[in-house]
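Working through the structure, step by step
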Number of protein chains: 2
Amino acid sequence: MPDATHDPALKSWVRSANGHPDFPIQNLPLGVFIPLDMGSARVGVAIGDMVLDLTMAPVAEDVREAAASPSLNALFALGEGPRKALRARLSELLADGSPHRAELEQHLHPMEACTLLLPAKIGDYTDFYVGIHHATNVGKVFRPDNPLLPNYKHVPIAYHGRASSVRVSGTPVRRPKGQLKAPDSETPRFAPCERLDYELEMAVWIGPGSTLGNSIPVAKAASHVAGYGLLNDWSARDIQAWEYQPLGPFLAKNFGSTVSPWVIMPEALEPFRIAQPARPEGDPKPLPYLLDEADQAGGALDLALEVLILTPGMREKGMAPHRLSLSNAQHMYWTVAQMVAHHSSNGCDLNPGDMLGSGTLSAPDAGGFGSLLETTKGGKEPVQLPSGETRKFVEDGDEIILRARAAREGFATIGFGDCRASVLPAN
Amino acid sequence: MPDATHDPALKSWVRSANGHPDFPIQNLPLGVFIPLDMGSARVGVAIGDMVLDLTMAPVAEDVREAAASPSLNALFALGEGPRKALRARLSELLADGSPHRAELEQHLHPMEACTLLLPAKIGDYTDFYVGIHHATNVGKVFRPDNPLLPNYKHVPIAYHGRASSVRVSGTPVRRPKGQLKAPDSETPRFAPCERLDYELEMAVWIGPGSTLGNSIPVAKAASHVAGYGLLNDWSARDIQAWEYQPLGPFLAKNFGSTVSPWVIMPEALEPFRIAQPARPEGDPKPLPYLLDEADQAGGALDLALEVLILTPGMREKGMAPHRLSLSNAQHMYWTVAQMVAHHSSNGCDLNPGDMLGSGTLSAPDAGGFGSLLETTKGGKEPVQLPSGETRKFVEDGDEIILRARAAREGFATIGFGDCRASVLPAN
């Protein structure tokens, strides 16, 4: 339920926050940062163009202690109650007229002077496949008449990703080498990837989690979500096509994944919750362990998602990034609560700092596809860029930028900040 | 090359080591243990029935420091040189006539009074599929005439597993629940797994590793292997059959994996290295990034692998565990060096404490299959046990025990110790 922290009339004494497209006082996301020339990493809160050092703020003692860590894991572990209390407290502290202004002003750092780090030490990273339009588009390549596999509408499909190679926004990604096999060739060759792609995904950060052998009921699953981010699940389509049978993607994905630095608290997104996107008439009802009325009623997010590209040619001409795609987080067939409940339904333990990817979130129509594989139909229909360049897949020097923004009349706009990375040539 | 530490005539002043089937002085594996009533976890060396506290041994300063940790990660990170020096030093210290006997005797703990822990904090766990007979047996179910997929002899197939649910030998495994769909049913139901299986695998522990964007050449890959263990990759066959398309195994595997506590140094296995198992005439030559002459000449291990079962019925009758399978580590189509080189070939970083699974290592013939799926032909031909019981798959209360032993004339026998776990009923 929206509360005082969501009041669109609320202003901050941090002036850049007021009207800020991403970080108004109604957002208050957490991240890990190193202040300019000040050594150690600690937890901060984004407010406008500034970062508040949470270790120096008058908040609950256990929160301050947890904030002194170079990752959000300890804060995530505290769970929903302390997080909600922290949000309410930060909203007071940063609001116009707060008696703490003088004290806190010394602990504000310009964001552009800070180094932003990976938000958490990721124990395990699991990538789901809940973007139904993406699954349909990819499935069509193999099965034009029956693109979705029979399990898709029963099982929230997922696989394990590589935790070690997840990097924070701004870290360049090295083009991978791998085995490529042309359809007309008998044998593969080892060469730099020729079909490098992005995938537009949401990141879900896990809070308290569960112990091995126990599951999280779907009705309690939302309380184990610590927050949200953006995830670019870089993919080497040619490596993937040759390696993925029978056990799924491996080297096609684990050379690097890019995640946004700011963790948007679930509470900041409350006003943008909508009913679980209509399952078409006749779709199977989820099994009881995946079914919760409250979740069906408000388990989806109306959150615009964008992919932009900035090529070397555009940079030379001083052009702004070009939008490749506009999609929305509501295109998830399964809710985040269903993802969490399913993941733990067999007793697999989830831990604070684990990251879930949503899978690629494509809109149903061209213009809203979350990968170049879909947008260019596997390279057959190149994208025309305003610089005169074209792209079938991502080229060296290209920068891919993901953005997310929630907007609704009567509420302040909430943004995620950029998730961006440029591509370095293969070694 | 075998050296003085492999001399079969070498005896230890720790009497139980002499003739010990697993831990003679020629083995000297490392593990993490808590001595009885002595609090903190630290690194130890298995010698006969005893564990030597490595933090109290006169070894190199950096090794002692690393040994004070509750995981082997820091020791793994030191790499090959320090490990070889440690092995040579331990061999001297524990040999008959060592002047250090009196000093070290106080730091020996009976193994049965120690708690043995997971050897490392696993950053990422990757499971390969290099057991060619297993891949063939499983492939036959789907493609009787052409069981191996076209990529198998080009790509060391692997997928990412779940690191958080790996447990040390002795920890019971809870039977998972999940979506099961009978072939004759339209829809799945959520119920306890009815086709619980084990998988006989080797574990490979990663040493120094690599940084993101860089690869490890195959000729240097062996130096990034810190040691070996046994791995039971518990598998829920019914959950797997329904969930695994198109992205591979997920909940069918991540409810628990069991690993042996002792890490066998590569040097202990030197005498048992053999030529890479003959690729049948006409098999494709590995691509250059996977090809190294020394690796082809000695990259495989002649190491007997066993699976045993102890059922509640057998326990009641005081029976010993019954052998279900006798296989060998030489049934890997790809060497461990090829696995490491392939994993990093795209720039994916490998880190100290990462664990690789080999995949199920079945022998070519019945009697040597590494899973019940193969042994009972998917439950169609139950195994007869000496207690009069039969098994199609693993039942509640059953204990599965993996063992590995290397034997060769002119050398002491080297064992891995048990990798065992019993099955608890579903919650």
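Note that this is a predicted model, so its numbers are computed, not measured.

Looking now at the packing of aromatic side chains. Across all of its chains, the model carries 16 aromatic pairs over all chains by this definition. Ring plane angle 65° and centroid distance 6.4 Å describe the contact between Phe272(B) and Phe411(B), whose orientation is recorded as edge-to-face. Residue Phe272(B) is found in the loop between β16 (257-259) and β17 (273-274), and its partner Phe411(B) is found in the loop between β24 (399-406) and β25 (414-415); the two are separated by 139 residues along the sequence. Residue Phe272(B) is classed as buried on the basis of its relative accessible area of 2%. Given the relative accessible area of 22%, Phe411(B) is considered partly exposed. One cation-aromatic arrangement involves Arg42(A) over Phe33(A); the distance from NZ or CZ to the ring centre is 5.9 Å.

What follows deals with the interface of chain A and chain B. At the junction of the two partners, chain A supplies 56 residues and chain B supplies 56 residues. For the pairing of chain A and chain B, the buried interface totals around 5,200 Å² over both sides, and the portion due to carbon and sulfur atoms is 60%. Of all residues in chain A, Arg162(A), Leu247(A) and Phe250(A) give up the largest surface area on contact with chain B, accounting jointly for 15% of the area buried on that side. The tally of links from chain A across to chain B stands at six salt bridges. The shortest N-O distance in the salt bridge between Arg162(B) and Asp124(A) comes to 3.6 Å. Of all the elements in the fold, those that place two or more residues in the side of chain A that touches chain B are β6 (125-128), β7 (158-160), β10 (177-180), β11 (189-192), α7 (237-243) and α10 (336-344) of chain A.

Another point: the UniProt feature "binding site: Ca(2+)" (unreviewed entry) in chain A. Residue and element names in this part refer to chain A. According to UniProt, the positions carrying the feature "binding site: Ca(2+)" (unreviewed entry) are Asp127, Glu199 and Glu201. In summary, the annotated positions, though distributed over 75 residues, converge in three dimensions, the widest C-alpha pair being only 11.4 Å. Tracing the backbone shows Asp127 in strand β6. With respect to the helices, strands and loops of the structure, Glu201 is situated in strand β13 (residues 200-206). With sequence-adjacent residues up to four places away left out, Glu201 is seen in contact with Asp127, Gly229, Leu230, Leu231, Asp233, Gly357, Ser358, Gly359, Thr360 and Leu402.

So, about empty space enclosed by the protein. All chains considered together, the criterion is met by nine cavities of 30 Å³ or more. Considering only enclosed or pocket space, the largest cavity measures out at about 120 Å³ in volume. Lining of the largest cavity is provided by Leu30(B), Leu75(B), Phe76(B), Leu78(B), Gly79(B), Pro82(B), Arg83(B), Leu86(B), Ala226(B), Val263(B) and Met265(B). Residue assignment for the lining of the largest cavity shows that the elements contributing at least two residues are α2 (73-78) and α3 (80-94) of chain B. Class assignment for the residues of the lining of the largest cavity results in nine nonpolar, one polar and one charged. Here the lining of the largest cavity gathers at least three residues from each of two domains, domain 1 (4-117) and domain 2 (125-424) of chain B. Estimates place the volume of the second largest cavity at around 80 Å³. Around the second largest cavity, the lining residues are Leu30(A), Leu75(A), Phe76(A), Gly79(A), Arg83(A), Leu86(A), Ala226(A), Val263(A) and Met265(A). Those elements giving two or more residues to the lining of the second largest cavity turn out to be α2 (73-78) and α3 (80-94) of chain A.

So, how was this worked out
- Positions within a chain are numbered from 1, following the residues in the order the chain's sequence is written.
- Chain A is the first chain written and ligand 1 is the first ligand written, with later ones labelled in order.
- Where totals are concerned, whole chains, interfaces and linings use all residues; where local detail is concerned, this predicted model gives features only for residues with pLDDT of at least 70, and gives and counts side-chain atom pairs only at 80 or more.
- The side-chain quantities take in all heavy atoms of the structure and omit both hydrogens and water.
- Here a Phe, Tyr or Trp ring, Trp counted by its six-membered ring, pairs with any other such ring whose centre lies within 6.5 Å, and the pair is stacked when the planes are under 30 degrees apart, edge-to-face when over 60, and tilted otherwise.
- In this text, helices come from DSSP runs of H or I with a minimum length of four residues, and strands from runs of E with a minimum of two, each type numbered from the N-terminal end.
- Remark: exposure states derive from per-residue accessible area (1.4 Å probe, protein chains only) relative to the maximum for the residue type, with buried under 20%, exposed over 50%, and partly exposed in between.
- Charges are assigned to positions over rings by a cutoff of 6 Å between ring centre and Lys NZ or Arg CZ, combined with an angular limit of 35 degrees from the ring normal.
- What makes two residues a contact is simply this: any of their non-hydrogen atoms within 4.5 Å.
- Note: buried area is the sum, over both parts, of the accessible area (probe 1.4 Å) each one loses when the two are combined.
- Salt bridges are identified by distance alone: a Lys or Arg side-chain nitrogen within 4 Å of an Asp or Glu carboxyl oxygen.
- UniProt positions are given in the numbering used here, feature names are shortened, and annotations may be inferred rather than shown by experiment.
- A cavity, in this analysis, means grid points on a 1 Å lattice covering only the protein atoms where a 1.4 Å probe fits yet has no way out; a pocket is instead an open set bounded by protein on both sides within 12 Å along at least five of seven lines, and a residue lines either one if it has an atom within 4 Å of a point.
- Grid points are joined across faces, edges and corners, and a volume is the space filled by probe spheres set on the points.
- Gly counts as polar in this scheme, as do all residues outside two lists: the nonpolar Ala, Val, Leu, Ile, Met, Phe, Trp, Tyr, Cys and Pro, and the charged Asp, Glu, Lys and Arg.
- For the domains described, the bounds stem from an automatic or database domain assignment.

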